Protein chains: 2
Amino acid sequence: MTELTGLPLFAGMDEKTVAEQMTALRGQKAQISKGSVLIREGEKTERCGILLSGQLQGQQINEDGALSVITTLSAGMMFGEILIFSDHPAPVTLTAVTDCRVLWLGPVDLARADARLIRNLLSIIGKEYWALHQKIRYCAIVSLRKRIYAYLSDREKEAGKEFTLPFDRNGMAAYLNADRSALSRELSRMKTDGILEYHKNQFRLTGKGL
Amino acid sequence: MTELTGLPLFAGMDEKTVAEQMTALRGQKAQISKGSVLIREGEKTERCGILLSGQLQGQQINEDGALSVITTLSAGMMFGEILIFSDHPAPVTLTAVTDCRVLWLGPVDLARADARLIRNLLSIIGKEYWALHQKIRYCAIVSLRKRIYAYLSDREKEAGKEFTLPFDRNGMAAYLNADRSALSRELSRMKTDGILEYHKNQFRLTGKGL
DNA sequence: TATAATCGGTTGCCGTGGCAACAAAATCAG
DNA sequence: CTGATTTTGTTGCCACGGCAACCGATTATA
């Protein structure tokens, strides 16, 4: 239970209040094994959840069969909470990249929800919405090199000089809407141009720019 | 006041409750003239609003100066409500395409908000989030022709056989992340291939497919 | 009505990056 | 350790579409 009080959704609430709210949210823990699908694209979202441990990935498959990775979720992050109160189908398939522990929530009783909980929820939603807009910003950059650079320098800003990406090359390519081989090609060009250094998914920008 | 009861945010609420909620929301009507900026990209969102009449457009400008149109808002739609409870900067600049009337809301007192209002708010947010995911889906399609087609057939599904787009060519190109001339070129090719017909921003798909 | 400004269509050029196919390296299974 | 599978890097080909430049049509301003 104490692992719950640290979650963003319960920020600023004491243990007693959290326990109360958990009944309004109908919380239930579950084990999820690697590869399982938590939410399937196109289906209605019935419940949402919080990832307690492990890693999830949200992906879209377009008509060509091309895979586009939208988000990566790590421990503490929520999923499904934005669409649970609307009748829109889920826009992404949410898959467990590793074995996970999940706290399922829902159906949620909003009338019994604390005002602080609502505020936390809206704050979380805002953050997720914002991340989606970031992805759109990357999409809008035509040049692959500039697209990569924009993405990497954002990661640098948020994680420091040396940082690790939550993707392998396939995932990174899918997130940046690029072909994997084209991404590899451009990354090595950028390395020889002295713009960045990397080893696997560990990156460092030299600060040379461009 | 009666024009308010029809708004999605107040769906299912009687006139008296709406009036009560309006004080919790600190609603205030305003006239906005064409070209004005309601929300500026990068600034913190202090208040949100509902468009009562006219048209708004949300746009991002990337480092190259390239313009990307994210959304078009018509009467009845909300804006800014997703980010008002988080401390993220606004990801888009919201501009009045025509003269508008706007109902400004905020700072909002959540503790005094009706549970139904919260539910409506979350439903609206879900819809907006979903629309953003649609745009991402279009972005992920590499072929311009397929991208155009995916967009147009979605519009057909939601608006019927013959439909009008809320963009001029520039806006349409910016929304689809394409060059305007390339878009024009591809549209006329598609016309000669018998895939669609159009005049200005009035479109019709022949149903031939591809 | 003249003039400017905006908008849409057309066309040639050519570089970027998707695609396929292969090679090397790393990870995994038995 | 050996073979299989996954992951990453490399390279040639060439079509798609960005870019610039131009023109006609439409709309706004005076």
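Procedures and definitions
- Residues numbered from 1 in each chain as written.
- Chains lettered and ligands numbered in written order.
- Predicted model: local features only at pLDDT ≥ 70, side-chain atom pairs only at ≥ 80, totals over all residues.
- Heavy atoms only, no water.
- Helix = DSSP H or I, 4+ residues; strand = E, 2+ residues; numbered from the N terminus.
- Buried < 20%, exposed > 50% of the residue type's maximum accessible area, 1.4 Å probe, protein only.
- Near = heavy atom within 4 Å.
- Polar contact = N/O pair within 3.5 Å; in protein donor to acceptor, adjacent residues only side chain to side chain.
- Nonpolar A, V, L, I, M, F, W, Y, C, P; charged D, E, K, R; others polar.
- Phe/Tyr/Trp six-rings, centres within 6.5 Å; stacked < 30°, edge-to-face > 60°.
- Domains from an automatic or database assignment.
- Contact = heavy atoms within 4.5 Å.
- Buried area = accessible area lost by both parts, 1.4 Å probe.
- Salt bridge = Lys/Arg side-chain N within 4 Å of Asp/Glu carboxyl O.

Undergrad: Go over unusual backbone geometry, please, and point to the residues and values.
TA: Apart from glycine, the bulk of residues carry a negative phi angle, and the bulk of peptide bonds sit in the trans form. Looking along the chain, the bond that leaves Gly106(A) and enters Pro107(A) is cis, with omega of 0 degrees. Along the polypeptide, Pro107(A) turns up in the loop between strand E8 (100–105) and helix H3 (115–139). Located in the positive-phi region is Arg26(B), a residue other than glycine, with phi close to 55 degrees. With respect to the secondary-structure elements, Arg26(B) resides in the loop between helix H1 (15–25) and strand E1 (28–32). A relative accessible area of 42% places Arg26(B) in the partly exposed class.

Undergrad: Break down the protein's contact with DNA strand C for me, with residues and values.
TA: Near DNA strand C, the surroundings consist of 18 residues, among which Leu144(A), Arg185(A), Arg169(B), Ser184(B) and Arg185(B) are the closest. By atom count, sugar and phosphate contribute 50% of the portion of DNA strand C lying within 4 Å of the protein. Separating a base oxygen of DNA strand C from a side-chain N or O atom of Arg185(A) is a distance of 2.8 Å. Between DNA strand C and the protein, one listed contact pairs a phosphate oxygen with a side-chain N or O atom of Ser184(B) at 2.9 Å. Elements that contribute at least two residues to the surface near DNA strand C include exactly helix H6 (180–192) of chain A together with helix H4 (169–175) and helix H5 (180–192) of chain B. When residues of the surface near DNA strand C are assigned to their parent elements, the largest contribution, 5 residues, is made by H5(B). Along the lines of polarity and charge, the residues of the surface near DNA strand C split into 5 nonpolar, 6 polar and 7 charged.

Undergrad: Could you give me a rundown of the packing of aromatic side chains, with the residues and numbers involved?
TA: All names here are of chain A. According to the stated counting rule, one finds 14 aromatic pairs over all chains in the structure shown. Consider the rings of Phe-163 and Phe-203, whose centres lie 6.4 Å apart with planes at 15 degrees: the pair is stacked. One end of the pair, Phe-163, is in strand E9 (residues 162–164); the other, Phe-203, is in strand E11 (residues 202–205), and 40 residues separate them in sequence. The exposure classification of Phe-163 matches that of Phe-203, with both residues buried. One aromatic cluster is present, formed by Tyr-138, Tyr-151, Phe-167 and Tyr-175 through successive ring pairs.

Undergrad: Can you lay out the protein's contact with DNA strand D for me, pointing to particular residues and giving the numbers?
TA: Every one of the 17 residues lining DNA strand D counts as a neighbour, but Arg169(A), Ser184(A), Arg185(A), Leu144(B) and Arg185(B) are closest to it. Within the side chain of Arg169(A), an N or O atom sits 2.9 Å from a phosphate oxygen of DNA strand D. Between Arg185(A) and DNA strand D, the recorded distance is 2.9 Å, taken from a side-chain N or O atom to a base oxygen. Mapped by element, the contributors of at least two residues to the surface near DNA strand D are helix H5 (169–175) and H6 of chain A together with H5 of chain B. Residue classes in the surface near DNA strand D are distributed as 5 nonpolar, 6 polar and 6 charged.

Undergrad: Describe the domain arrangement of chain A, with residues and values.
TA: Residue and element names in this part refer to chain A. Partitioning chain A into domains gives domain 1 (2–134) and domain 2 (142–205). Computed from C-alpha coordinates alone, the two centres of domain 1 and domain 2 are separated by 28 Å. The partner domain 2 presents 7 residues to the 8 residues of domain 1 that form the contact. Considering only the surface of domain 1 that becomes buried against domain 2, Val-69, Thr-72 and Gln-134 emerge as the three largest contributors, covering 54% of it. Between domain 1 and domain 2 we count 0 salt bridges in total. Viewed at the interface, domain 2 and domain 1 are joined by 3 residue pairs in polar contact (both at pLDDT 80 or more). The leading source of residues in the side of domain 1 that touches domain 2 is strand E5 (residues 67–73), at 5 residues. Here the residues of the side of domain 1 that touches domain 2 sort into 3 nonpolar, 5 polar and no charged.

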